[in-house]
Amino acid sequence: FTATTSFIVYGLLIDDYAWFCLVMGFVSTSIGQVVMTKLIQRYKRNSYIAFCIGFVVLLSAIFMTVESIVAIKSIGTHSSVDLCSSQTD
């Protein structure tokens, strides 16, 4: 909510993209909720929730590492790399 609000305030929100992400997020959340509820009811274990959270954190760490390596290799140096800035100078 906070990130979306700042995008709206600064006029950076793309309407088509926002609606697509809203629908995709709602559908994905609904599917995930149904699947997790059925798993927990069927196997009577709450550990699936922890496994899913751990998997998402692991996947995020892997993707951030890969993105950092690609950014460093594209610049060609390891010293003082600002990964958030635009590299189109």
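Since we're looking at a predicted model, the values are computed, not measured.

Looking only at helices and strands, the protein features three helices and zero strands. Its helices and strands in sequence order give the protein the pattern α-α-α, from N to C terminus. Put simply, the protein has 89 residues, and 2% of those count as buried. As displayed, the protein offers around 8,100 Å² of accessible surface, 70% of which is attributable to carbon and sulfur atoms.

Bringing unusual backbone geometry into the picture now. A positive phi angle, close to 55°, is found at Lys-44, a residue other than glycine. For Lys-44, the location among the structural elements is in the loop between α2 (15–43) and α3 (47–75).

This part covers the confidence of the model for the protein. Taken as a whole, the protein shows an average pLDDT of 85; of its residues, 83% reach a score of 70 or greater. Of all the helices and strands in the protein, helix α1 (residues 2–9) carries the lowest mean pLDDT, 81, while α3 carries the highest, 93.

What follows deals with α2. Compared with an ideal rise of 1.5 Å per residue, which puts 29 residues at 42 Å, α2 spans 42 Å between its outermost C-alpha atoms and is within 8% of the ideal. Phi turns positive, to about 55°, at Lys-44, one or two residues after α2.

A few words now on the packing of α2 against α3. Packing of α2 against α3 leaves a shortest axis separation of 9 Å and a crossing angle of 140°. Regarding the angle of α2 to α3, the classification is oblique. When α2 is examined against α3, the residues Met-36, Leu-39, Ile-40 and Tyr-43 are found in contact with a partner set consisting of Tyr-48, Ile-49 and Cys-52. Per-class residue counts for the contact of α2 with α3 are seven nonpolar, no polar and no charged.

Further remarks concern the packing of aromatic side chains. Inspection of the entire model under this criterion finds one aromatic pair. Relative to Tyr-48, the ring of Tyr-43 lies with its centre 6.1 Å away and its plane at 55°, an arrangement referred to as tilted. Residue classification places Tyr-43 among the partly exposed residues on the basis of a relative accessible area of 41%.

What follows is about a nonpolar patch on the surface. Together, Phe-55, Val-56, Leu-58, Leu-59, Ile-62, Phe-63, Val-66 and Val-70 make up a nonpolar patch on the protein surface, roughly 750 Å² of accessible area in all. When you line up the elements, Ile-62 lands in helix α3.

Moving on: the layout of surface pockets. The gaps left among the atoms become clear once a water-sized probe is rolled over them. Counted as a void, the largest pocket has a volume near 200 Å³. In terms of lining, the largest pocket is formed by Ala-3, Thr-4, Phe-7, Leu-12, Leu-13, Ile-14, Tyr-17, Ala-18, Cys-21 and Leu-22. At the level of secondary structure, the elements contributing two or more residues to the lining of the largest pocket comprise α1 and α2. Looking at the lining of the largest pocket element by element, the count peaks at four residues for α2. Here the lining of the largest pocket is composed, by residue class, of nine nonpolar, one polar and no charged.

Cut-offs and rules
Residues numbered from 1 in each chain as written. Predicted model: local features only at pLDDT ≥ 70, side-chain atom pairs only at ≥ 80, totals over all residues. Heavy atoms only, no water. Helix = DSSP H or I, 4+ residues; strand = E, 2+ residues; numbered from the N terminus. Buried < 20%, exposed > 50% of the residue type's maximum accessible area, 1.4 Å probe, protein only. Areas by Shrake-Rupley, 256 points an atom, 1.4 Å probe, with all protein chains shown as cover. pLDDT = per-residue confidence, 0-100. Expected span 1.5 Å × (residues − 1). Axes fitted to C-alpha atoms, helices over the stretch in contact; angles between N-to-C directions. Parallel < 35°, antiparallel > 145°, perpendicular 65-115°, else oblique. Contact = heavy atoms within 4.5 Å. Nonpolar A, V, L, I, M, F, W, Y, C, P; charged D, E, K, R; others polar. Phe/Tyr/Trp six-rings, centres within 6.5 Å; stacked < 30°, edge-to-face > 60°. Patch = residues over 30% accessible without salt bridge, like charges linked within 9 Å, V, L, I, M, F, W, Y side chains within 5 Å. Salt bridge = Lys/Arg side-chain N within 4 Å of Asp/Glu carboxyl O. 1 Å grid on protein atoms, 1.4 Å probe; cavity = no way out; pocket = protein on both sides within 12 Å on 5 of 7 lines; lining within 4 Å. Points joined across faces, edges and corners; volume = space filled by probe spheres on them.

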